[in-house]
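Analysis of the macromolecular model
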Amino acid sequence: MQEQNESKKRIFSGIQPSGILTLGNYIGALRSWVQLQDEAENLYCVVDLHALTVRQDPATLRRRCTDTLALLMAVGLDPQKNILFCQSHVPAHSELSWLLGCFTYIGELSRMTQFKDKAQRHADNINAGLYTYPVLMAADILLYNTDLVPVGDDQKQHLELARDIAIRFNNVYGPVFTVPDAYIPKIGARVMSITDPTRKMSKSDEEASYIAILDEPDVIRRKLRRAVTDSDGQVRYDPENKPGVSNLMSILYVLTGESFDAIESRFAGRGYGELKNEVADACVAALSPVQAEFKRIQADKAFLEGVMRSGAERASALAGRTMSKVHRKMGLAPYKL
Ligand code: ATP
Ligand code: LTN
């Protein structure tokens, strides 16, 4: 995959090794990645530098990086068809981030809802990285002439900023960057927390609020039994007035293909307990094969190291070409080592 194939689109997306991946990550992002893998040239990146915007324990972060890579393969991403790599292994991400930072306005960064939300939740550590996080994300994407970025709904605003930065840069220096489009699934783009269905499910929240991809069947069943619903007792899709029940229905719909109408009529006159049991069955059925595959891949350290190294090499080669062009266009002094 050295030269970009003219007919194939380029896809890039990233995931933070900031915790154990959740059902939200799986439904909102990873499933699209797997579905798209034959249609495009793909790069999927474990964005460890982004994870550092929140304090991380070094040993845990190191382990989570390889575990996340193993999970990407366990859900079905083939390392032959996709470049799978770790962000910190390709220094061009950080370098381009600096250059693009000079094309990003403070006002734009201040409007980012993720920044506002995380600043509130980590009030003791509102660092500059948290603030410039979307610039690094724009660099990740623009480095590879990305056409399409499959993400959950929460990343829409960041992606719009990446587009604005690309357009602004191109207006000054000519057509250097491809302007990327978001790819957001119609259903499941925002899986909600099971303890507070008005918030998105997030791997850095407390454990009871999410289903982890690696949760054992009995843990999944226990967590879902305690999922917050409402008191009206009717299984009906109405995200505004019944966020908890609608969230459970969305999970069932995405995992089994059963429509909301069909779920509603099948559950007429039955309680939420039965709905929760069926959602749990669907989660166990979807996640068990992933868990088995994860254990197998995680045990093969040499294979994992090989995937990481070759991913970094292939990504670096592509990134290098963009960086040369960017240096030349911006007027940075040429050099040969
Ligand atoms: P953190 O809690 O550390 O902020 P996160 O769980 O929100 O992490 P990310 O690594 O930031 O996950 O996101 C990886 C991908 O998963 C992104 O494309 C994001 O949009 C998607 N995603 C995350 N949470 C959800 C969710 N609850 N529903 C749907 N998609 C999600
Ligand atoms: N900010 C994203 C993770 C991420 C990303 C990217 C996603 C970092 N770089 C590039 C798509 C493309 C998040 O999910 N929080």
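Look up: the structure comes first, before these words.
Starting afresh in each chain, residues are numbered from 1 along the sequence in its written order. Numbering of ligands from 1 and lettering of chains from A proceed in the order in which they are written. In keeping with the model being predicted, local features are shown solely for residues with a pLDDT of at least 70 and side-chain atom pairs are shown and tallied solely at 80 or more, while totals for entire chains, interfaces and linings include all residues. Excluded from the side-chain calculations are hydrogens and water; all other atoms, namely the structure's heavy atoms, are used.

**Re the overall build of the protein**
Counting from the N terminus, the helices are the DSSP runs of H or I reaching at least four residues and the strands are the DSSP runs of E reaching at least two. If you tally the helices and strands in the protein, you get 13 helices and five strands. Our radius of gyration is a C-alpha quantity, and the globule rule it is checked against amounts to 2.2 Å times the number of residues to the power 0.38. Here the protein has a C-alpha radius of gyration of 21 Å; the compact-globule value for 337 residues is 20 Å, and the two agree. Principal-axis analysis of the C-alpha atoms gives the protein an extent of 75 × 45 × 45 Å. Summary of the burial criterion: residues with accessible area below 20% of their type's maximum are buried, those above 50% are exposed, and those between are partly exposed, where the area comes from a 1.4 Å probe applied to protein chains only. Considering the protein as a whole, with its 337 residues, one finds that 50% of them fall into the buried category. Contacts are assigned to residue pairs with any non-hydrogen atoms lying within 4.5 Å of each other. Sequence-distant contacts in the protein: of pairs separated by 6 or more residues, those separated by 24 or more amount to 76%. The sign given to each residue is positive for Lys and Arg and negative for Asp and Glu; His and the chain ends receive no count. Charged side chains are reduced to one point each, which is NZ for Lys, CZ for Arg, CG for Asp and CD for Glu. Charged side chains of the protein number 41 positive and 41 negative; the gap between the two group centres comes to 3 Å.

**Some details on the pattern of salt bridges**
It is possible for side chains of opposite charge to pair when their charged atoms get near one another. Put simply, a salt bridge is a Lys or Arg side-chain nitrogen that is within 4 Å of an Asp or Glu carboxyl oxygen. What the rule picks out here adds up to 20 salt bridges. Notably, a salt bridge pairs D181 with R163, separated by 2.9 Å at the nearest N-O pair. Of the two residues, D181 sits in strand β5 (residues 181-183) while R163 sits in helix α8 (residues 156-173), which places them 18 residues apart along the sequence. Look at D181 and you get partly exposed, because its relative accessible area is 39%. One salt bridge in this structure joins R266 and E278, with 2.8 Å as the shortest N-O distance. On the criterion of sequence distance, the pair formed by R266 in helix α11 (residues 260-266) and E278 in helix α12 (residues 272-299) is long-range, its members being 12 residues apart. Given the relative accessible area of 22%, E278 is considered partly exposed.

**Quick notes on the nonpolar core**
Buried Ala, Val, Leu, Ile, Met, Phe, Trp, Tyr and Cys residues that are joined via side-chain atoms within 4.5 Å together make up what is termed a nonpolar core. Ranked by size, the top nonpolar core spans 59 residues in total, and within it L23, L30, L72, L224 and L275 carry the most contacts. Looking at this core, the element that brings in the most residues is α12, giving 11 residues. Look past the residues within four positions of L72 in its chain and what remains in contact with it is I15, L30, W33, Y44, V46, L77 and L84. Grouped together as the second largest cluster of nonpolar side chains are 41 residues, F103, Y131, I141 and A166 included.

**Let's talk about the site of ligand 1**
Residues are labelled near a given molecule or strand when at least one of their non-hydrogen atoms is within 4 Å of it. In the vicinity of ligand 1 lie 22 residues, with K118, D154, K200, S202 and S204 positioned nearest. Nitrogen and oxygen atoms within 3.5 Å of one another constitute a polar contact, given that in protein one can donate a hydrogen and the other can accept it, and given that sequence-neighbouring residues count only through two side-chain atoms. A distance of 2.8 Å separates a nitrogen atom of ligand 1 from a polar atom in the backbone of V191. Separating an oxygen atom of ligand 1 from a side-chain N or O atom of S204 is a distance of 2.6 Å. Where the shell around ligand 1 is concerned, the elements lending two or more residues are β1 (9-15) and α1 (23-36). Top contributing element to the shell around ligand 1 by residue count: α1, with four residues. Residues are grouped as follows: Ala, Val, Leu, Ile, Met, Phe, Trp, Tyr, Cys and Pro are nonpolar; Asp, Glu, Lys and Arg are charged; all remaining types, including Gly, are polar. Its residues placed into classes, the shell around ligand 1 shows six nonpolar, 11 polar and five charged.

**Quick notes on the side chain of D205**
By the element assignment, D205 lies in the loop between β5 and α9 (217-225). Within the structure, the side chain of D205 is placed 2.6 Å from the side chain of R121, a separation counted as a polar contact. Other than its neighbours up to four places away in sequence, D205 contacts R121, R199, K200 and Y210.

**Here's the deal with the site of ligand 2**
Taken together, 14 residues lie near ligand 2, and H50, Y133, M137, D140 and Q155 sit nearest. Y133 places a side-chain nitrogen or oxygen 2.7 Å from a nitrogen atom of ligand 2. In this structure, a nitrogen atom belonging to ligand 2 sits 2.7 Å away from a side-chain N or O atom of D140. Considering ligand 2 on its own, with 360 Å² of exposed area, one finds that the protein chains cover 92% of that surface. Elements that contribute at least two residues to the shell around ligand 2 include exactly β1 and α7 (128-142). Looking at which element gives the most residues to the shell around ligand 2, the answer is α7, with four residues. Classifying every residue of the shell around ligand 2 gives seven nonpolar, six polar and one charged. To measure how exposed things are, a 1.4 Å probe is used in the Shrake-Rupley method; for residues, cover is taken only from the protein chains shown.

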